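Commentary on secondary and tertiary structure
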Amino acid sequence: MNNHRTVAYFSMEIGFEAGMPTYSGGLGVLAGDTIRAAADLKVPIVAITLLHRKGYFYQSLDKSGEQHELPVAWDIDDYLTENDARVSVTLEGRSVQLRAWKYEVTGIGGYTVPAYFLDADLEENSEWDRRLTDYLYGYDERYRLCQEVILGIGGIRMLRALGYTQIERFHMNEGHSSLLTLELLDEEAEKSGRQTVSRSDIETIRERCVFTTHTPVPTGHDQFPMKLVGQVFGPRDDFLDLGDLYSVDLLRRVTGIDGKFSTMEEVWNSGNALNMTYLALNLSGYVNGVAKKHRDVSRLMFAGYEIDAINNGVHAATWVSGPFRDLFDKHIPGWRQDNFSLRSALGLPKKQVWEAHQQAKKQLLLFVNRATNTGMEVDAMTIGFARRATSYKRPDLLFYDLERLKRIGNQKGPLQVIYAGKAHPKDQPGKDLIKQIFDAMEALKGDVKIVYLENYDIDLAKMMVAGVDVWLNTPLPPLEASGTSGMKAALNGVPSLSILDGWWIEGNIEGVTGWSIGPPSLETDDERDRHSDSESLYDKLENIILPHFYNDRELFINMMLHAIAINGSFFNAQRMMQQYVLNAYFR
Ligand SMILES: *Cc1c(COP(=O)(O)O)cnc(C)c1O
């Protein structure tokens with residue numbers, strides 16, 4: 001039976017294809033890859049997310065690099081089919097109706113996994129409520145909290161309405177969906193004919209819930225003032241009634257908030273905040289970070305919680321470019337069914353590997369030259385950098401010393417750089433970074449060719465990770481929880497040049513799978529860090545990478561093979577899903 005699913009996967013964003021703007025970046029793309037891997041492995045899973053009718057946003061950049069954000073127009077019917085089921089949640093005392101649109105992912109063996117996109121745009125709802133599933137990460141915290149009620153509470157109700165009654169595990173991909181725990185507690189209490197939640201309900205729910213935390217950046221953890229929570233939950237309907245003698249203790253155990261309360265009214269007015277991460281931590285029997293370093297950092301952030309690590313991975317067949325797909329099909333048949341077999345990439349014929357890479361590079365540069373008229377050249381060493389434009393990712397690190405970069409380009413080059421990435425609409429420093437890159441572009445004209453491509457999305461990512469020669473990543477440690485674009489590059493034989501943070505601590509074998517920038521460190525931002533990191537970056541480019549690329553092609557290709565064999569065979573979503581099944585879902 002197709003409704004026989006035992007795992008429900010909740011994510012505020014899921015990115016399946018470029019035409020569906022239902023994701024903003026790494027978290028959503030990872031969710032899409034996770035579901036694809038589950039379909040390949042026939043894991044009985046069902047996914048829940050929001051529709052995001054107007055997407056995250058379409059990014060256009062003017063001549064100075066100023067970002068303009070436009071709503072995305074997309075035809076939902078082209079991708080999704082409407083389901084008849086209807087459920088409701090209570091928001092600010094109003095009953096808000098929800099429907100779900102279904103997307104189906106078919107795995108290599110023909111097994112399908114459904115993903116449901118919740119939608120509040122129904123005639124019965126008020127104008128304001130109808131807009132609640134329009135924008136991913138849009139508007140203010142009231143809007144966001146309402147969305148999280150829809151995702152967590154509405155999501156559970158929709159699963160039940162759709163007939164998924166056998167779910168044994170609820171996986172929260174980041175804390176946005178953690179209100180689902182409250183709905184599960186309510187269900188348990190109701191099952192026992194009680195009006196109030198008990199300690200044993202909490203234990204039951206903990207057994208069923210799995211939580212993956214994705215970022216050590218504090219603003220990445222949603223917190224809502226209790227006052228707002230009280231308003232949104234309205235007259236108690238949708239909030240757990242902890243009304244017995246143990247209520248304060250129970251509330252503390254669930255939300256982590258402390259104090260003396262005898263009524264929920266007092267909680268709302270207490271000045272506390274509801275932290276979605278703590279809610280998820282308190283009610284999950286299994287919690288994981290997304291790389292070993294991120295696990296360690298999370299344990300420091302959330303002392304007292306048991307936190308494991310499952311490394312992120314990317315869906316190999318999705319991210320391997322056409323030319324490499326052909327090459328793998330020919331020499332490593334079965335690689336799609338068994339990504340581990342990519343370990344034998346070391347035996348691929350070197351000439352064919354280089355040719356496949358040249359093809360992927362030509363496709364990218366054709367696109368770049370059409371879009372920007374910069375005349376990028378296939379023979380020139382090309383660096384790629386694409387990810388969310390935000391301060392801790394330091395996209396400007398390459399431009400710390402323009403004179404030195406010019407010298408390197410002229411003496412050891414040619415060198416070309418391709419940038420892309422959106423800044424969150426409210427992240428002014430992130431937007432300023434894009435402008436700074438535009439300024440550097442201007443200053444380096446004639447010495448190093450640089451472009452910044454608009455509207456980074458899944459299709460652009462596919463072209464970039466396969467078509468550049470080196471993938472650059474310059475985060476400020478320890479803020480990059482994992483990073484996944486470098487994994488996509490590795491699958492295409494593209495080595496990384498990266499700060500030792502996130503996945504790269506585990507993926508880097510110096511001079512074999514790529515290169516590190518600076519020392520491993522837990523240190524936070526200061527000018528000296530920036531200075532020494534950029535010096536290290538220039539040193540590697542000048543003395544090692546460019547000379548290898550131009551003068552020792554054999555060695556460079558050898559590294560490409562190792563990127564595939566050592567990192568592509570491991571940092572994939574198939575291995576990741578197997579670990580979730582064994583360590584998290586059915587532990
Ligand atoms: C893979 C991907 C990301 C995430 O890349 P990171 O290296 O984790 O920052 C973001 N956006 C898109 C479109 C992607 O494909």
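Residues numbered from 1 in each chain as written. Predicted model: local features only at pLDDT ≥ 70, side-chain atom pairs only at ≥ 80, totals over all residues. Heavy atoms only, no water.

As for the sheet that holds strand S19 (residues 496-499)
Taken in spatial order, the six strands make up an open sheet running S17-S16-S15-S18-S19-S20, and their pairing is parallel. Two strands bound the open sheet, and with one partner strand each, they are strand S17 (449-453) and strand S20 (514-517). Neighbour-to-neighbour, the strand axes of the sheet open up by a mean angle of 20°, direction not taken into account. Two strands pair when backbone bridges link them, and strand S15 (residues 381-386) and strand S18 (residues 470-473) are joined in this way by two bridges, in the parallel orientation. Across the sheet, Ile 383 pairs through a bridge with Val 470, a residue of S18. Lying on the sheet, helix H16 (residues 458-467) is in contact with S15, strand S16 (415-420), S17 and S18; it crosses S16 at an angle near 160°. (Pairing = 2+ DSSP bridges. Helix = DSSP H or I, 4+ residues; strand = E, 2+ residues; numbered from the N terminus. Axes fitted to C-alpha atoms, helices over the stretch in contact; angles between N-to-C directions. Contact = heavy atoms within 4.5 Å.)

Observations concerning the layout of surface pockets
The volume enclosed by the second largest pocket comes to roughly 600 Å³. Forming the boundary of the second largest pocket are 25 residues, of which Thr 372, Phe 438, Met 441, Val 451 and Tyr 452 lie nearest the centre. Of all the secondary-structure elements, those providing two or more residues to the lining of the second largest pocket are strand S3 (58-61), helix H13 (350-372), helix H15 (428-443), S17 and H16. When residues of the lining of the second largest pocket are assigned to their parent elements, the largest contribution, five residues, is made by S17. Each residue belonging to the lining of the second largest pocket can be placed in one class, and the counts come to 12 nonpolar, five polar and eight charged. (1 Å grid on protein atoms, 1.4 Å probe; cavity = no way out; pocket = protein on both sides within 12 Å on 5 of 7 lines; lining within 4 Å. Points joined across faces, edges and corners; volume = space filled by probe spheres on them. Nonpolar A, V, L, I, M, F, W, Y, C, P; charged D, E, K, R; others polar.)

A few points about the nonpolar core
Counting residues in each nonpolar core, the largest one holds 84 residues, and the members touching the most others are Leu 398, Ile 418 and Met 464. Split by domain, the residues of this core number at least three in each of domain 1 (1-175) and domain 2 (366-570). Non-local contacts of Ile 418, meaning those with residues more than four positions away in its chain, are made with Leu 364, Leu 365, Val 368, Met 376, Thr 382, Ile 383, Gly 384, Phe 385, Val 451, Leu 453, Met 464 and Val 468. Counting 72 residues, the second-largest nonpolar core is a separate cluster that includes Met 12, Val 89, Leu 132 and Met 264. (Core = buried A, V, L, I, M, F, W, Y, C linked by side-chain atoms within 4.5 Å. Buried < 20%, exposed > 50% of the residue type's maximum accessible area, 1.4 Å probe, protein only. Domains from an automatic or database assignment.)

Points about the pairing of strand S7 (residues 94-106)
One ladder, built from two bridges, connects strand S5 (residues 81-82) with S7; its direction is antiparallel. What sits directly across from Thr 81, in S7, is Lys 102. When strand S6 (residues 87-91) meets S7, the two strands line up antiparallel, connected through five bridges. The residue of S7 that forms the bridge with Ser 88 is Gln 97. Between the end of S6 and the start of S7, which pair antiparallel, lie two residues, with Glu 92 showing a positive phi angle near 50°. Linkage of S7 to strand S8 (residues 112-119), two consecutive antiparallel strands, is achieved through a turn of five residues, within which Gly 110 is found at a positive phi near 90°.

Let's talk about H13
Counting along an α-helix, one turn takes 3.6 residues, and residues three or four places apart therefore face a common direction. For H13, built from 23 residues, the straight-helix expectation of 33 Å at 1.5 Å per residue is met to within 8% by its first-to-last C-alpha distance of 32 Å. Restricting attention to buried positions, one finds in H13 the residues Val 353, Trp 354, Ala 356, His 357, Gln 358, Ala 360, Lys 361, Leu 364, Leu 365 and Val 368. (Expected span 1.5 Å × (residues − 1).)

Let's talk about the environment of Asp 326
Its place among the elements puts Asp 326 in helix H12 (residues 322-331). A relative accessible area of 54% places Asp 326 in the exposed class. Taking C-alpha positions, Asp 326 is 30 Å from Pro 414, a pair spaced 88 residues apart along the chain.

A short note on the domain arrangement of the protein chain
Taken domain by domain, the protein chain consists of domain 1 (1-175) and domain 2 (366-570). Here domain 1 and domain 2 have C-alpha centroids that lie 32 Å from each other. Both faces combined, the contact of domain 1 with domain 2 buries some 1800 Å², and carbon together with sulfur accounts for 53% of it. Our count for the domain 1 to domain 2 interface comes out at two salt bridges. Residue Glu 66 is joined to Lys 435 by a salt bridge in which the shortest nitrogen-to-oxygen separation is 3.2 Å. In this structure, the connection of domain 1 to domain 2 is made through 10 residue pairs in polar contact (both at pLDDT 80 or more). Broken down by secondary-structure element, the contributors of at least two residues to the side of domain 1 that touches domain 2 are helix H1 (26-41), S3 and strand S4 (67-70). It is S3 that contributes the most residues to the side of domain 1 that touches domain 2, four residues altogether. (Buried area = accessible area lost by both parts, 1.4 Å probe. Salt bridge = Lys/Arg side-chain N within 4 Å of Asp/Glu carboxyl O. Polar contact = N/O pair within 3.5 Å; in protein donor to acceptor, adjacent residues only side chain to side chain.)

Here's the deal with the site of the ligand
Inspection of the region around the ligand gives 14 residues, with Trp 319, Lys 393, Thr 484, Ser 485 and Lys 488 positioned closest. At 3.2 Å, a side-chain N or O of Lys 393 approaches an oxygen atom of the ligand. For the ligand, an oxygen atom lies 2.4 Å from a polar atom in the side chain of Ser 485. Relative to its free-state accessible area of 390 Å², the ligand is covered by the protein chains to the extent of 94%. When residues of the shell around the ligand are traced back to their parent elements, those giving at least two are H1, H16 and helix H17 (485-491). Each of domain 1 (1-175) and domain 2 (366-570) contributes no fewer than three residues to the shell around the ligand. (Near = heavy atom within 4 Å. Areas by Shrake-Rupley, 256 points an atom, 1.4 Å probe, with all protein chains shown as cover.)

Describing the environment of Ser 24
In this structure, Ser 24 sits in the loop between strand S1 (7-11) and H1. What makes Ser 24 partly exposed here is its relative accessible area of 22%. Sequence-distant contacts of Ser 24, defined by excluding residues within four places in its chain, comprise Glu 13, Tyr 56, Leu 136 and Tyr 137.

Side note on the side chain of His 171
Looking at the element boundaries, His 171 is found in strand S9 (residues 169-173). Note on His 171: relative accessible area 1%, which makes it buried. Engagement of the side chain of His 171 in a polar contact is seen with the side chain of Thr 212, the distance being 2.7 Å. If we skip the residues at most four places from it in the chain, His 171 touches Ala 8, Tyr 9, Phe 10, Val 210, Thr 212, Tyr 580 and Tyr 585.

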